[in-house]
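# Architecture at a glance
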Amino acid sequence: MGHVKRKTFTRPLPAGAKITAKKGREYAEWFDRTGKKQCAPVTAGRDGGSRVRIEAQTYTAIYRDGRGVARERATGCRGKRAAEMVLAKLEQEAEKVRSGILSAAESEMARYQNTPLSGHIDDYIHHQTARGLNRQRVKNTRSRLLRLADECAMRWLSDLTSDVLERWLLDKAEHDDRTEEPMGAGTRNAYRADAIGFANWLVKKKRIPVNPLSDVPTANARADCRRKRRALNESELQRLLDAARHRPLQDASTIRRGPRKGEPRAKLRSDVRRRLDRMGRERALIYKTMALTGLRKRELATLTVNRLELDATPAHLVLHPKNEKNRAGNVIPIRRDLANDLRVWLQDKAQEEPVVGNQSDQPNRGEECYGLPGNTLLFDVPTGLLRILDRDLKAAGIPKKDHRGRTVDIHALRYTFGTMLSAAGVRPRTAQEAMRHSDLKLTMNVYTDPALLDVAGAVESLPNFTIGEQATTAAEPTASAPNKRSSENKSSRLLAPVLAFKLDRPGQSGAKPVKMAVSDAARPDLLSRAVKSCYDNSKGPSSTADNGPLKWSGGESNSRPLHCERSALPTELPPRGIPRTYRSEDQRSFSLAAVGVGCQKGLGAIGGKAAMLARLNGDPFFQYQKGLGGVSA
């Protein structure tokens, strides 16, 4: 049988409390914030100090649940009668579990119904933090969930419904109070994703039976895209690197006021010139590294020198899992020219920042790398890099927004990296691995700018076809007029140049052996090699019972010729009794001579098979050839 009671707890002595003795026991007296006098017994704490014992204002229910386990549940009631009613309800639920009417999971879910939604959100945020997710991502998730709970009037778990969320998303698509303009589809999808993820966590923790938000539709982000990025072409990227390299020193050297305004003749100290020159060099290296490796801003800003392997073959860097978006710790290869630039940059940096002690936070990767502490950042990436990029774009003469409304930002350098991979003919699976994407569609459809792909050149590389009278002329090429298609420039045929398999490399997947053919004017001494290379004998030699006794001058009787796709010599003969037709008598002699010479060279299996076919077809000329190879007809 359960009961209710007020629990007690201790706390430090209030400021200004007076200790008095009553009936052999010490009591503390003080005035609270409202000016009311309070009195509580004094007890000793764990540290030996004096503390006061306070009785809770609300009652706690003590009972046994459906499994027989003793539980304590806060009722939140200040009156004993109300607390006993809550206790009776809890005991009824326990009785239903014991009788099998409710399951233990359903009873546990009923307990969470009295917890405010803000408490569930806090538990979800603690769960995401324990998973090691990015701090900014966790912060954004918390702010979105709290905004949804506030503006949708969600106070309890029972308030989580798809209708409420759908109405809120539709209202924000019309007008957002924070920005005074409609909310974009991408932002609305982010709120939807966080809400559904939160509901999935509630289901996983058995706080609700099903996800009530799973049927909320997704907004079409393609039709309502607020930020469209574009990739830089090679010329624009080179101009950006040049402008970033020289702009800090040029801006500082430019006179801003007076009659000589705009002239680059300002006097600067030598140390200031060196600092500005180093700053421009670092910014250019930041842009180049991001465009040739696809690193994100945070990944580059947290990259330390002990993650670089510039002397390896090939040179590469290893991302720390906690600094990478997918937490995988990928290995990213580095081009040779970029590796050389980084090596020189680290050498100059080591001269300016000598090693003082061991500052590495990763001792397993060495205390000193390239003359610097292992935990030294590769670049000092400024927080206002986007603002700096806008100024560098203006100095390089590159528009921030093109005629289609697409912009260039920091992440556009990663967009440029993916586009250059596709334009260079890199295989899609390789490009996906270089971009570190889990879905190939993201690499091909999102991070590839179709405006920079040579689609017109790919169409021009298709075969040339003629219509009408020209088709008849093209179908009958002459020896004096070479084939037009064969004389085309091979450099124009760039349709997937590196994706096609090479037929001259049999080791590749999909490669086929080259077909060999024997012309009508072949030399007799080459016929045996032609027969051996081209005849299809994959089923093995015929038996002597079918072909009769065979004679040959040497060689291995069981030797099997190399397999080829088709035979260059005719293998199909007309039925017996039907005379054989040849285009010329030379062709007839050539075919039968090949049988005789083949037997004479030791190809008994081939000669025997050919002799059998000729004998069955009643070829009278075969009697003349039977003595050449020792074949018995």
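Look a little higher up for the structure.
Described below are features of the structure shown in this document. (Residues numbered from 1 in each chain as written. Predicted model: local features only at pLDDT ≥ 70, side-chain atom pairs only at ≥ 80, totals over all residues. Heavy atoms only, no water.)

## Some remarks on the overall build of the protein chain
- Within the protein chain one finds 21 helices and 13 strands.
- The buried share of the protein chain, taken over its 633 residues, is 34%.
- Intrachain contacts of the protein chain at a sequence separation of at least 6 include 61% that bridge at least 24 residues. (Helix = DSSP H or I, 4+ residues; strand = E, 2+ residues; numbered from the N terminus. Buried < 20%, exposed > 50% of the residue type's maximum accessible area, 1.4 Å probe, protein only. Contact = heavy atoms within 4.5 Å.)

## Quick look at the nonpolar core
- Y287 and F379 are the most contacted members of the largest nonpolar core, which totals 44 residues.
- Only α7 (234-253), α8 (270-293), α10 (336-352), α11 (385-396) and α12 (412-423) provide two or more residues apiece to this core.
- When near neighbours in sequence (up to four residues on either side) are disregarded, F379 contacts E282, L285, I286, T289, L300, L342, W345 and K349.
- Membership of the second largest hydrophobic core comes to 29 residues, among which are C152, Y191, L202 and V216. (Core = buried A, V, L, I, M, F, W, Y, C linked by side-chain atoms within 4.5 Å.)

## Details of the pattern of salt bridges
- Scanning all chains against the criterion turns up 33 salt bridges.
- Across the pair E72 and K7 runs a salt bridge whose closest N-O atoms are separated by 2.9 Å. Here K7 lies in the loop between β1 (3-5) and β2 (8-12) and E72 lies in strand β8 (residues 70-74), a separation of 65 residues in the sequence.
- The exposure class assigned to K7 is partly exposed, which follows from its relative accessible area of 36%. (Salt bridge = Lys/Arg side-chain N within 4 Å of Asp/Glu carboxyl O.)

## Notes on α12
- The end-to-end C-alpha separation of α12 is 16 Å, in line with the 16 Å expected for twelve residues at 1.5 Å each.
- Every buried residue of α12 is accounted for by A412, L413, R414, Y415, T416, F417, G418, T419 and L421.
- Residues of α12 that are buried in the fold lie against α7, α8, α13 (428-435) and α14 (440-446).
- Downstream of α12 by one or two residues, G425 has phi in the positive range, about 80°. (Expected span 1.5 Å × (residues − 1).)

## Some remarks on the environment of N200
- Looking at where N200 falls in the secondary structure, it is placed in helix α6 (residues 185-204).
- Reaching out from N200, the side chain makes a polar contact with the side chain of N211 at a distance of 2.6 Å. (Polar contact = N/O pair within 3.5 Å; in protein donor to acceptor, adjacent residues only side chain to side chain.)

## Points about the side chain of T407
- Note that T407 resides in the loop between α11 and α12.
- Contacts of T407, omitting those with residues within four sequence positions, involve R227, K228, R229, R230, K400 and K401.

## A look at the pairing of strand β3 (residues 18-22)
- By the bridge criterion, five bridges tie β3 to strand β4 (residues 25-31) in an arrangement that is antiparallel. Pairing of T20 across the sheet is with Y27, part of β4. (Pairing = 2+ DSSP bridges.)

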